[in-house]
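# Observations on the three-dimensional arrangement
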Amino acid sequence: AQRVTQPEKLLSVFKGAPVELKCNYSYSGSPELFWYVQYSRQRLQLLLRHISRESIKGFTADLNKGETSFHLKKPFAQEEDSAMYYCASIRNTGNQFYFGTGTSLTVIP
Amino acid sequence: NAGVTQTPKFRILKIGQSMTLQCTQDMNHNYMYWYRQDPGMGLKLIYYSVGAGITDKGEVPNGYNVSRSTTEDFPLRLELAAPSQTSVYFCASSSPGRDYGYTFGSGTRLTVV
């Protein structure tokens, strides 16, 4: 079974500090991983997909197969980054995503 | 282009009442999903559909039913509401192909009292 684990429910950092949101996966085969973000009172939206190796809003995420991780990173946190972040892996059938339990990020001004 | 539209945004139900959460998308996506979001629990898949006329259970289907008569619509039915169904419900859609993420609706906050 494909699962993702987000060990931190809450994370607080100061503005301008680096931030790393952890995600570990258990997967047999080649994982396909995503990060979703949910700002206060808004819908979930796709932030990153590992396959595209993109940087969105200054965030990056690198797939580390040795550590089975897909941590989300940003070198300088901004107040507008405060949100709920979900790591997700995709299941073969029907494009089903498995979501982690989420990490609530607070950036302190 | 509205994306994924959910109605209602909020609802309070009494135990034993029934209701239908509506979800419609205008992106011609084949795949549609219903998730519930509980604090500290992440998102759990209730039901999904890979096309009109085809539905299947997710992780937490008990107490819910769905139908998919058209590509656009994927309503979620609660027949006998229970307090355990108090949650925020999200509908989502996607196209086949793993490069594509989900497009989510804005959610329905349901309270069962």
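Right, let's walk through the structure included here. In this text the structure is predicted, and so the values were computed from the model without any measurement.

We now examine the overall build of chain B. A tally of regular secondary structure across chain B gives zero helices and eleven strands. In summary, chain B has a C-alpha radius of gyration of 13 Å against a globular reference of 13 Å for 113 residues, a match within 12%. In terms of principal-axis extent, the alpha carbons of chain B reach across some 40 × 30 × 25 Å. A buried classification covers 45% of the 113 residues belonging to chain B. Put simply, 54% of the contacts in chain B that link residues at least 6 apart link residues at least 24 apart. With an accessible surface of roughly 5,200 Å², chain B has 52% of that area assigned to carbon and sulfur atoms.

Residues and elements named next belong to chain B. With respect to the helices and strands, I46 occurs in strand β5 (residues 42-51). For I46, a relative accessible area of 0% corresponds to the buried category. Along the sequence, I46 and F90 sit 44 residues apart, while their C-alpha atoms lie 9.9 Å from each other. Ignoring any residue separated from it by four or fewer positions in sequence, one finds I46 in contact with W34, Y35, R36, K57, G58, V60, P61, Y64, L76 and Y89.

The next thing to look at is the pairing of strand β6 (residues 54-57) of chain B. Residues and elements named next belong to chain B. Two strands pair when backbone bridges link them, and β5 and β6 are joined in this way by three bridges, in the antiparallel orientation. When the bridges of β6 are listed, G51 appears paired with I54. Following β5, the chain reverses through two residues before pairing antiparallel with β6; G53 in that reversal takes a positive phi of roughly 85°.

Once that is clear, we can look at the sheet that holds strand β3 (residues 19-21) of chain A. Residues and elements named next belong to chain A. Spatially, the three strands line up as an open sheet ordered β3-β8-β7, and their pairing is antiparallel. Whereas interior strands pair on both sides, the edge strands pair on one side only; in this sheet they are β3 and β7 (60-61). Sheet analysis places β3 next to strand β8 (residues 72-74), joined by three bridges and oriented antiparallel. Paired with V19 across the bridge in β8 is K74.

Criteria and thresholds
Residues numbered from 1 in each chain as written. Chains lettered and ligands numbered in written order. Predicted model: local features only at pLDDT ≥ 70, side-chain atom pairs only at ≥ 80, totals over all residues. Heavy atoms only, no water. Helix = DSSP H or I, 4+ residues; strand = E, 2+ residues; numbered from the N terminus. Rg over C-alpha atoms; globule rule 2.2 N^0.38 Å. Buried < 20%, exposed > 50% of the residue type's maximum accessible area, 1.4 Å probe, protein only. Contact = heavy atoms within 4.5 Å. Areas by Shrake-Rupley, 256 points an atom, 1.4 Å probe, with all protein chains shown as cover. Pairing = 2+ DSSP bridges.

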